[in-house]
Amino acid sequence: AQSVTQLGSHVSVSEGALVLLRCNYSSSVPPYLFWYVQYPNQGLQLLLKYTSAATLVKGINGFEAEFKKSETSFHLTKPSAHMSDAAEYFCAVIHSGSARQLTFGSGTQLTVLP
Amino acid sequence: DAGVIQSPRHEVTEMGQEVTLRCKPISGHNSLFWYRQTMMRGLELLIYFNNNVPIDDSGMPEDRFSAKMPNASFSTLKIQPSEPRDSAVYFCASSLGQGNIEQYFGPGTRLTVT
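Now for a description of the structure that goes with this document. (Residues numbered from 1 in each chain as written. Chains lettered and ligands numbered in written order. Predicted model: local features only at pLDDT ≥ 70, side-chain atom pairs only at ≥ 80, totals over all residues. Heavy atoms only, no water.)

## Looking at the layout of surface pockets
Space inside the largest pocket adds up to approximately 660 Å³. Lining of the largest pocket is provided by 29 residues; of these, Gln38 and Glu88 of chain A together with Gln37, Met39 and Arg110 of chain B occupy positions nearest its centre. Of all elements in the fold, only strand E9 (87–95) of chain A together with strand E4 (31–38), strand E9 (88–95) and strand E11 (109–113) of chain B reach the threshold of two or more residues within the lining of the largest pocket. Split into classes, the residues belonging to the lining of the largest pocket amount to 10 nonpolar, 15 polar and four charged. For the second largest pocket, the calculated volume is near 180 Å³. Lining the second largest pocket are 16 residues, and of these Gln101, Leu102 and Thr103 of chain A together with Glu44 and Leu45 of chain B sit closest to its centre. Breaking the lining of the second largest pocket down by element, the ones donating at least two residues are strand E10 (102–104) of chain A together with strand E5 (42–50) of chain B. Here the lining of the second largest pocket gets five residues from one element, more than from any other, and that element is E5 of chain B. (1 Å grid on protein atoms, 1.4 Å probe; cavity = no way out; pocket = protein on both sides within 12 Å on 5 of 7 lines; lining within 4 Å. Points joined across faces, edges and corners; volume = space filled by probe spheres on them. Helix = DSSP H or I, 4+ residues; strand = E, 2+ residues; numbered from the N terminus. Nonpolar A, V, L, I, M, F, W, Y, C, P; charged D, E, K, R; others polar.)

Okay, structure coming up:
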C-alpha cells in the first residue's frame, strides 16, 4: 500500500527565507504525488502534481517540488516566503495502479515570521 | 465554475440526531469523494463514487454512516445516530476521472455533535 510521510508537523521561516517542506513516499509502483494547501477554515487547494512527466514540477504561488526516485522524496520548496504562505500543507499520493484513492500525509503547518 | 459546493458549512447537533451533509460536484466530473478531517486522524477517505456508483466504502467508520449519489450532480453523507466522536470537518471532492486524477475539494462542513 502506498503512503506518505511528512517530516515536521510545524515549520517556521522568516519572510523572504527559503521554504522547504519535506515529503517521503512509499510505493511499490510509480506513484502520482500531490501537494495541497489548506488555509484556515477552507478546503484543500491543489498546489502541484507529479504524474511521471518532468521530475521538477512547478505549481501555483511560486511553489515547486522535485520528484527524486532514489530518495523516494517529493519535497516542496519556495525560494522566498511570503506572509500569505502561512497555511497547512499536505502531501498526498495516488497509487498509479489503483482507481484514484488519495492517501494524505499528516500535514505540515507553515508559519511565516515577519 | 462554481467549484465543489457543500452544505451546510457548519452544523451543530445533539447526540442521537440524524445529520445529512450535502455535496454538489463540479459539473462534468464523474468521481466523487467524501473525506473526514480530525486533529487525531488527519484526512481520511470515507467513500468514493465513480459514475454515481460506490466503489470503495471501506473507510466508512460504521453502520451509522451512509452515503448516496442519486445522480451525477448530488451526493449526501448521512450519520444516524450522530455521536460526539463524529465531530470533524467533512470534505467532498470531485475529479474528472479517466486520466485526470487531481481532486478538487469543497470548503467542507464543520460538524459539531454535543
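## Some points on the packing of aromatic side chains
For the coordinates displayed, the defined rule picks out 14 aromatic pairs over all chains. Here the aromatic rings of Phe33 of chain B and Tyr48 of chain B are separated by 5.4 Å at their centres, their planes lie at 25°, and the arrangement is stacked. Taken together, the positions of Phe33 of chain B in strand E4 and Tyr48 of chain B in strand E5 put the pair 15 residues apart, joining distant regions of the chain. Side by side, Phe33 of chain B and Tyr48 of chain B carry an identical accessibility label, which is buried. A connected cluster of aromatic rings, assembled from ring pairs, spans Phe34, Tyr36, Phe90 and Phe104 of chain A together with Phe33, Tyr35, Tyr48, Phe91 and Phe105 of chain B. (Phe/Tyr/Trp six-rings, centres within 6.5 Å; stacked < 30°, edge-to-face > 60°. Buried < 20%, exposed > 50% of the residue type's maximum accessible area, 1.4 Å probe, protein only.)

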